[in-house]
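What follows is the residue order along each chain.
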Amino acid sequence: MDGVSQWNAPTVDGPVRATVELPGSKSITNRALVLAALATGPSTLTGALRSRDTDLMMAGLQAMGTGIDANDTTVKVTPAPLHAATVDCGLAGTVMRFLPPAATLATGVVAFDGDEHARTRPLGTILDALRHLGADIDGDALPFALRGTGKLRGGAVTIDASGSSQFVSGLLLSAARFERGVTVTHRGGSLPSMPHIEMTVQMLHTSGVRVEATDASWTVAPGPIAAVDSSIEPDLSNATPFLAAAAVTGGAVSVPRWPTTTTQPGDAIRDILIRMGARADLRAGTLTVTGPDRLRGVDIDLHDVGELTPTVAALAALADTPTVLRGIAHLRGHETDRLAALRTEINALGGKVVETDDGLQITPAPLRGGVWNSYADHRMATAGAILGLRVPGVLVDDVETTAKTLPGFVGLWHGMLGVTA
């Protein structure tokens, strides 16, 4: 299957019943890679996600001098002095926002670029913050060039991170290596995706870094980053379309290795599905979602878990009662404008979606088949797969964009349904 083909999303007549094994978390993998590259010695990551986003992170670190020895999902990272390089960010927000702070510690010019869509993604917040902390950078979006001197002054900086929590995480991950550490204060609109910042802080603590946090300010003390061998949790956000398959078909889907406690935002899918009428049982490390006879709509604020929006919107389009999704205006700056994309694509299949200032209103309506455009956005593609379970003739354009975070998605989806390609 090539990257521009249209995939006929399978439709099922009865309940989906399956167990689905999923690879590691992209968010944890890419944070662990940055910390390992800046650590005091070698680290080994086991269960790491291998996807376009994580491979781009490894390639970027390797280009700057870090030793990367990847054997499938086991990755050995050997720190080394960072140097001049060219970094391809692809469409990965974590690469374009986590690597520039690390690149300030390189000696020489580090040039950043990415996919065409990536050049419209907002980066001025983190680049201006790095300038304030002493970095020399040409440009405010991709492509841009950073002239590293092997060190960064660091200190205090105030930013408006209402566009993405990655601006905060990107600064915190490298800050222990700055001469003065960093104090990042958020001032502006509501800060989205707090669980991702909490994930960053927790991983810094595990690496021996001193972090003090308040509601809108984070201080990282200068000092060493300890080498830590890590076992990566499965990606809970990537699990959501598979669990949604149980919810929309009245079936039962299980995902093993679901953590009892986690900072991954994807864990919130359990409560969302329960509110929509499903059952979610976590027993002995396996989460099983059992779908209801009738899926109901929900009025919910997804501000902290915006990455779940495409899955929840697809569920809502197949529910029996209306849904209101709130608190997600920041999704207009993701891989694509996800609010406009969801409205356009669901309506093109006969749905009734209205875009609001900070979200979507979804009124159930009979849906029909047609092309579902992915916009080079992995979560848009998986949303189309969910709709295809109940709507014959949904053709997902460029389904291979799912390789961004979940290589082999089509094979996993077919395996769950017991169908052949």
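Conventions used here
Residues numbered from 1 in each chain as written. Predicted model: local features only at pLDDT ≥ 70, side-chain atom pairs only at ≥ 80, totals over all residues. Heavy atoms only, no water. Helix = DSSP H or I, 4+ residues; strand = E, 2+ residues; numbered from the N terminus. Rg over C-alpha atoms; globule rule 2.2 N^0.38 Å. Buried < 20%, exposed > 50% of the residue type's maximum accessible area, 1.4 Å probe, protein only. Contact = heavy atoms within 4.5 Å. Areas by Shrake-Rupley, 256 points an atom, 1.4 Å probe, with all protein chains shown as cover. Arc of directions from axis to C-beta. Pairing = 2+ DSSP bridges. Axes fitted to C-alpha atoms, helices over the stretch in contact; angles between N-to-C directions. Phe/Tyr/Trp six-rings, centres within 6.5 Å; stacked < 30°, edge-to-face > 60°. Right-handed = clockwise from strand over helix to strand, strands pointing away.

Student: What is the right way to look at the overall build of the protein in this model?
Tutor: Counting its secondary structure elements, the protein contains 12 helices and 23 strands. Taking 22 Å as the expected radius of gyration for a compact globule of 421 residues, we find that the protein reaches 21 Å, a close match to that expectation. Principal-axis analysis of the C-alpha atoms places the extent of the protein at approximately 60 × 40 × 40 Å. For the protein, the proportion of its 421 residues judged to be buried stands at 57%. Sequence separation of at least 24 residues holds for 72% of the intrachain contacts in the protein that already meet a minimum separation of 6. By element, 48% of the accessible surface of the protein is carried by carbon and sulfur atoms, the whole surface being about 15200 Å².

Student: What is the right way to look at helix 12 (residues 409-417) in this model?
Tutor: An α-helical turn contains 3.6 residues, so any two residues separated by three or four positions project in the same direction. Considered for burial, the residues of helix 12 that qualify are F409, V410, W413, H414, M416 and L417. An end-on view of helix 12 places all buried positions within 160° of arc, on one side of the element. Its buried side turned inward, helix 12 meets strand 1 (6-8), strand 2 (17-19), helix 7 (236-249), strand 15 (252-256) and helix 11 (378-390).

Student: I would appreciate a short explanation of the sheet that holds strand 10 (residues 155-159) in the present structure.
Tutor: Sheets are built from strands paired through backbone hydrogen bonds, the pairs being either parallel or antiparallel. In space, the four strands of this open sheet follow the order 10-11-13-12, with mixed pairing throughout. What marks the edges here is a single partner per strand, and that holds for strand 10 and strand 12 (211-213). When strand polarity is set aside, the average angle formed by the axes of neighbouring strands in this sheet is 10°. As defined by bridge partners, strand 11 (residues 182-186) adjoins strand 13 (residues 217-220) across four bridges and the pair is classed as antiparallel. Bridging from a neighbouring strand, V184 pairs with W218 of strand 13. In the packing of helix 5 (residues 166-175) onto the sheet, contacts are made with strand 10, strand 11 and strand 13, and the angle to strand 11 comes to roughly 170°. Each of strand 12 and strand 13 is contacted by helix 6 (residues 194-206), which is oriented at about 20° to strand 13, the strand it contacts most.

Student: I keep staring at the packing of aromatic side chains and nothing clicks. Help me out?
Tutor: The description of an aromatic ring pair uses the distance of the two centres, along with the angle that the planes make with each other. Scanning all chains against the criterion turns up five aromatic pairs. Geometrically, the ring pair formed by F112 and F144 is stacked, given 4.8 Å between the ring centres and 15° between the ring planes. Of this pair, F112 sits in strand 7 (residues 107-113) while F144 sits in strand 9 (residues 144-149), placing them 32 residues apart in sequence. No difference in accessibility class separates F112 from F144, as the two residues are buried.

Student: When you look at the sheet that holds strand 16 (residues 279-283) in this model, what are you seeing that I'm missing?
Tutor: Taken together, four strands build an open sheet; the order of strands is 2-15-17-16 and the sheet is mixed. What marks the edges here is a single partner per strand, and that holds for strand 2 and strand 16. Between one strand axis and the next, the sheet turns by 10° as a mean value, whatever way the strands run. Alignment of strand 16 against strand 17 (residues 286-290), held across five bridges, turns out to be antiparallel. Its bridge partner being in strand 17, R279 is matched across the sheet by T290.

Student: In this structure, what is going on with the pairing of strand 10? I would like to understand it.
Tutor: As a general feature of sheets, a regular strand has side chains that alternate between the two faces. As judged from the five bridges shared by strand 10 and strand 11, these two strands associate in the parallel manner. Counted as the bridge partner of I159 is H186 from strand 11. For the segment spanning strand 10, helix 5 and strand 11, crossover handedness is right-handed.

Student: What is the right way to read unusual backbone geometry from this model?
Tutor: What is expected of a backbone is that most residues other than glycine have negative phi and most peptide bonds are trans. Residue P143 follows L142 across a cis peptide bond; omega there is -5°. Among the secondary structure elements, P143 is positioned in the loop between strand 8 (136-138) and strand 9. Phi is positive for D72, close to 55°, though the residue is something other than glycine. Its location among the elements puts D72 in the loop between strand 4 (67-71) and strand 5 (74-78). When its relative accessible area of 54% is taken as the criterion, D72 is described as exposed. Although it is not a glycine, D398 adopts a positive phi angle of roughly 55°. Mapped onto the elements of the fold, D398 is located in the loop between strand 23 (394-397) and helix 12.

Everything listed here is a matter of coordinates, which is why it stays silent on function.
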